[in-house]
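Descriptive analysis of the structure
Residue-level listing of the chains:
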Amino acid sequence: MRRTVDMVALGLAVAFVSFQATRKAVVMSQEARATAFTATVKVTGLRHDGTVAYTKYYLHGARSDGSWVDLERKRDPNGHWSEGKILFNLPEKRRITVDGLTDSLTTYPLSEGDISVSRLIASSCVAGPATEHGNILGYDVVKVVNDAPVGAGEMLHHESWQAPALGCYELSRKSTLGPVSGSPASVVVEVLAVAEGEPPSSWFSLPPSFVERTPTQVFAEFSRRFPGREGAPGSTGNKLDQAYESSRAIR
């Protein structure tokens with residue numbers, strides 16, 4: 001059980017850091033026309049002992065207007081395929097989670113405050129004299145490291161290699177969560193391929209029959225559709241609901 005909780009906590013922590021990176025992308029895409037591309041991404045979750053907890057793949061599509069989408073197909077508990085995605089719509093200033101397991105939409109407006117805060121961190125990918133460089137898939141990448149305490153004696157370490165030519169998109173990332181001294185759980189993200197050009201417009205569409213739901217409502221709908229399967233712990237849902245309501249109250 002402890003390992004399961006650790007991986008859930010790591011996923012939430014990584015999601016938070018990724019959202020901060022999203023804020024940075026808002027500003028960069030407004031200041032210059034972004035490079036459009038599609039990336040194939042592999043994600044591997046590692047337990048404290050280094051064994052693989054899960055592996056998944058998804059597609060990332062970035063438009064030249066700064067919008068992007070992460071698209072993933074996965075099986076539901078009954079073995080049927082469904083599609084989920086996270087859609088970042090820059091012109092409309094909103095981020096939408098599309099959940100095919102529950103036919104749900106969860107929408108987060110992006111406020112002017114989000115964009116203002118982003119300006120403070122938009123230089124994290126800019127190369128300086130001491131910047132460490134590398135090469136991934138033929139792209140020049142720079143190393144970006146972030147550390148943040150996330151609990152009593154625990155630290156989130158986020159190390160990525162970002163490509164300035166792709167709007168500071170991370171071509172490699174390793175995020176670890178665990179005790180300051182000890183073996184942490186990890187999530188490793190690897191971009192396997194990049195193809196420049198506009199991604200399919202269908203990736204950015206929203207199913208008309210899907211219903212807007214809060215995170216806890218999504219979890220409840222999941223449990224209703226798949227009896228005996230819990231969507232997420234109650235405390236997790238409550239925290240996500242707080243973020244959901246906060247984003248919609250401040251525009």
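An account of the accompanying structure is given in this report. (Residues numbered from 1 in each chain as written. Predicted model: local features only at pLDDT ≥ 70, side-chain atom pairs only at ≥ 80, totals over all residues. Heavy atoms only, no water.)

**Brief notes about the overall build of the protein chain**
The number of helices and strands found in the protein chain is four helices and twelve strands. Burial statistics for the protein chain: of 251 residues in total, 42% are counted as buried. When the accessible surface of the protein chain is split by element, carbon and sulfur atoms take 54% of a total near 13,000 Å². (Helix = DSSP H or I, 4+ residues; strand = E, 2+ residues; numbered from the N terminus. Buried < 20%, exposed > 50% of the residue type's maximum accessible area, 1.4 Å probe, protein only. Areas by Shrake-Rupley, 256 points an atom, 1.4 Å probe, with all protein chains shown as cover.)

**Quick look at unusual backbone geometry**
Phi is mostly negative for residues that are not glycine, and the peptide bonds are mostly trans. Its identity is not glycine, yet L137 carries a phi of approximately 55 degrees, on the positive side. When you line up the elements, L137 lands in the loop between strand 7 (133–136) and strand 8 (139–151). The phi angle at C168 is positive, at roughly 65 degrees, despite the residue not being glycine. Residue placement: C168 occurs in the loop between strand 9 (154–163) and strand 10 (169–179). A relative accessible area of 9% places C168 in the buried class.

**Overview of the pairing of strand 1 (residues 37–46)**
By the criterion of burial, strand 1 is predominantly enclosed, with eight of the ten residues buried. Taken together, strand 1 and the strand that follows it, strand 2 (residues 52–62), pair antiparallel across an intervening segment of five residues, in which G50 is found at a positive phi of about 90 degrees. (Pairing = 2+ DSSP bridges.)

**Re the pattern of salt bridges**
A pair can form between side chains of opposite charge whenever their charged atoms are brought close. Here the structure, examined in full by the defined rule, presents ten salt bridges. Close ionic contact of K143 with E159 constitutes a salt bridge, the shortest N to O distance being 3.9 Å. With K143 in strand 8 and E159 in strand 9, this pair connects stretches of sequence that are 16 residues apart. Taking relative accessible area as the criterion, K143 reaches 29% and is therefore assigned partly exposed. Note on E159: relative accessible area 27%, which makes it partly exposed. A salt bridge links E221 to R225; the shortest N-O distance between them is 2.7 Å. Of this pair, E221 and R225 both sit in helix 3 (residues 215–225), four residues apart, which is roughly one turn of that helix. Through salt bridges that share partners, D103, R213, E221, R224 and R225 make up one connected network. (Salt bridge = Lys/Arg side-chain N within 4 Å of Asp/Glu carboxyl O.)

**Thoughts on the sheet that holds strand 5 (residues 94–99)**
Spatial strand order, 7-8-9-10-11-1-2-3-4-5-6-12: twelve strands in an open sheet with mixed pairing. Of all strands in the sheet, those with a lone pairing partner are strand 7 and strand 12 (211–212), marking the two edges. When strand 7 meets strand 8, the two strands line up antiparallel, connected through four bridges. Each bridged residue has a counterpart across the sheet, and for G134 the counterpart in strand 8 is V141. Relative to the sheet, helix 3 contacts strand 5, strand 6 (104–109) and strand 12, its axis offset from that of strand 6 by approximately 170 degrees. (Contact = heavy atoms within 4.5 Å. Axes fitted to C-alpha atoms, helices over the stretch in contact; angles between N-to-C directions.)

**Focus: the pairing of strand 9**
Across nine bridges, strand 8 lies against strand 9 in antiparallel orientation. What sits directly across from P149, in strand 9, is M155. Where strand 9 lies against strand 10, ten bridges are found, and the strand directions are antiparallel. By the bridge assignment for strand 10, S160 is matched with R173. From the end of strand 9 to the start of strand 10, which pair antiparallel, there are five residues, and G167 there has a positive phi angle of about 70 degrees.

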